[in-house]
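Secondary and tertiary structure notes
As a plain string of letters, each chain reads:
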Amino acid sequence: DQQVKQNSPSLSVQEGRISILNCDYTNSMFDYFLWYKKYPAEGPTFLISISSIKDKNEDGRFTVFLNKSAKHLSLHIVPSQPGDSAVYFCAASEDSYGGSQGNLIFGKGTKLSVKP
Amino acid sequence: ETGVTQSPTHLIKTRGQQVTLRCSSQSGHNTVSWYQQALGQGPQFIFQYYREEENGRGNFPPRFSGLQFPNYSSELNVNALELDDSALYLCASSALRGAEGYTFGSGTRLTVV
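Reading the values: the criteria
Residues numbered from 1 in each chain as written. Chains lettered and ligands numbered in written order. Predicted model: local features only at pLDDT ≥ 70, side-chain atom pairs only at ≥ 80, totals over all residues. Heavy atoms only, no water. Pairing = 2+ DSSP bridges. Helix = DSSP H or I, 4+ residues; strand = E, 2+ residues; numbered from the N terminus. Core = buried A, V, L, I, M, F, W, Y, C linked by side-chain atoms within 4.5 Å. Buried < 20%, exposed > 50% of the residue type's maximum accessible area, 1.4 Å probe, protein only. Contact = heavy atoms within 4.5 Å. Polar contact = N/O pair within 3.5 Å; in protein donor to acceptor, adjacent residues only side chain to side chain. Axes fitted to C-alpha atoms, helices over the stretch in contact; angles between N-to-C directions. Phe/Tyr/Trp six-rings, centres within 6.5 Å; stacked < 30°, edge-to-face > 60°. Disulfide = S-S within 2.5 Å.

Moving on, we get to the sheet that holds strand 1 (residues 4–5) of chain A. All names here are of chain A. Pairing within the open sheet is antiparallel, and its 5 strands lie in the order 1-3-8-7-6. The sheet is open, and its two borders are formed by strand 1 and strand 6 (56–59), each paired with just one other strand. Pairing between strand 7 (residues 62–67) and strand 8 (residues 72–77): 6 bridges, direction antiparallel. Considered in strand 8, the bridge of Thr63 is made with His76.

Here we come to the nonpolar core. Counting 23 residues, the largest nonpolar core has A:Phe33, A:Trp35, A:Leu73, A:Leu75, A:Ile77 and A:Tyr88 as its most contacted members. Looking at this core, the elements with two or more residues in it are strand 3 (19–25), strand 4 (32–38), strand 5 (45–51), strand 7, strand 8, strand 9 (86–93) and strand 11 (110–115) of chain A. Setting aside residues no more than four positions away along its own chain, A:Leu75 makes contact with A:Ser19, A:Ile20, A:Leu21, A:Trp35, A:Leu47, A:Ile48, A:Phe62, A:Thr63 and A:Tyr88. B:Val19, B:Phe60, B:Leu76 and B:Cys91 belong to the second largest nonpolar core, which has 19 residues in total.

Next up on the list: the side chain of B:Gln37. Relative to the elements of secondary structure, B:Gln37 occurs in strand 4 (residues 31–37). Of the polar contacts made by the side chain of B:Gln37, one reaches the backbone oxygen of B:Gln41; its length is 3.0 Å. Each residue touching B:Gln37, except ones within four places of it in the same chain, is listed here: A:Lys38, A:Phe89, B:Gly42, B:Pro43, B:Ala87, B:Leu88 and B:Leu90.

All names here are of chain B. Spatially, the 4 strands line up as an open sheet ordered 1-3-8-7, and their pairing is antiparallel. Of all strands in the sheet, those bounded by a partner on one side alone are strand 1 (5–7) and strand 7 (64–68). Neighbouring strand axes in the sheet, compared pairwise and without regard to direction, differ in orientation by 15 degrees on average.

Another aspect to go through is the environment of B:Trp34. Residues and elements named next belong to chain B. You can see Trp34 is positioned in strand 4. Exposure remark for Trp34: the relative accessible area of 0% places this residue in the buried category. For Trp34 and Gln48, which are 14 residues apart along the polypeptide, the C-alpha to C-alpha distance reads 6.3 Å. Reaching out from Trp34, the side chain makes a polar contact with the side chain of Ser74 at a distance of 2.9 Å.

For the rest of this paragraph, the subject is the packing of aromatic side chains. Within the structure shown, the criterion is met by 13 aromatic pairs over all chains. Between the aromatic rings of B:Phe47 and B:Tyr49, the centroid separation amounts to 5.4 Å while the plane-to-plane angle is 85 degrees, which identifies the pairing as edge-to-face. Overall, B:Phe47 belongs to the buried group, its relative accessible area being 0%. Overall, B:Tyr49 belongs to the buried group, its relative accessible area being 6%. Measuring from ring centre to ring centre gives 5.0 Å for B:Phe60 and B:Phe64, while their planes differ by 65 degrees; the resulting arrangement is edge-to-face. You'll find B:Phe60 and B:Phe64 in the same group, each marked buried. Taken together, the aromatic side chains of A:Tyr36, A:Phe46, A:Phe89, A:Phe106, B:Tyr35, B:Phe45, B:Tyr102 and B:Phe104 make up a single cluster linked through ring pairs.

What follows covers the state of the cysteines. Taken as a whole and judged by the stated rule, the model has 2 disulfides over all chains. In this model, A:Cys23 is linked to A:Cys90 through a disulfide, with the two sulfur atoms separated by 2.1 Å. A torsion of -75 degrees about the S-S bond marks the disulfide between A:Cys23 and A:Cys90 as left-handed. Residue A:Cys23 is found in strand 3, and its partner A:Cys90 is found in strand 9; the two are separated by 67 residues along the sequence. Grouping residues by exposure puts A:Cys23 and A:Cys90 together as buried. Between the sulfur of B:Cys23 and that of B:Cys91 lies a disulfide, 1.8 Å long from S to S.

Take a look at the structure:
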């Protein structure tokens, strides 16, 4: 039973536009959420995170929004660039330290393609 | 500063065999976590080692075992390989308690035939 769901396997966006990647979760005990980016033949790279006590976190072109009542989070990339083309994973943890015991629960990922 | 190195990059094994995967953590990192990523799935937590002790474990059977050495490098051992063990195995090291500090390696692609 999937606790973290990324229902869109792929997303295609024009360069300069906004990319919105969505993630839903079922476990109300999740306390910390992270987004990772993965290029082919490389390991995932940490992108941005959010604690359950917040509803928004920004880092440059990347913003993560959290709606706890809906158990939904989204990653916004503005403006999108061709170099953003990658697989994006949403991950969650019950640990407020964001996985101090390593137990991150990942979604299946969304493949983002940004077209020039 | 070198990153996380995993070896080998690819491996083919026969069902029933045993396999050892290796991970050299990033300099200054004392924690190593292992994940299994099956095709079309997200990474799934196997276990974590902190200062040579198992610090947490996911829902994997005992035939998945690990070690961490005094230099903080780590091994993942899988006994009695099954076809479903075919996956990308990712190692992540960190110096912080939180997952923001994870540095992932590029993984070992294991194929069980």
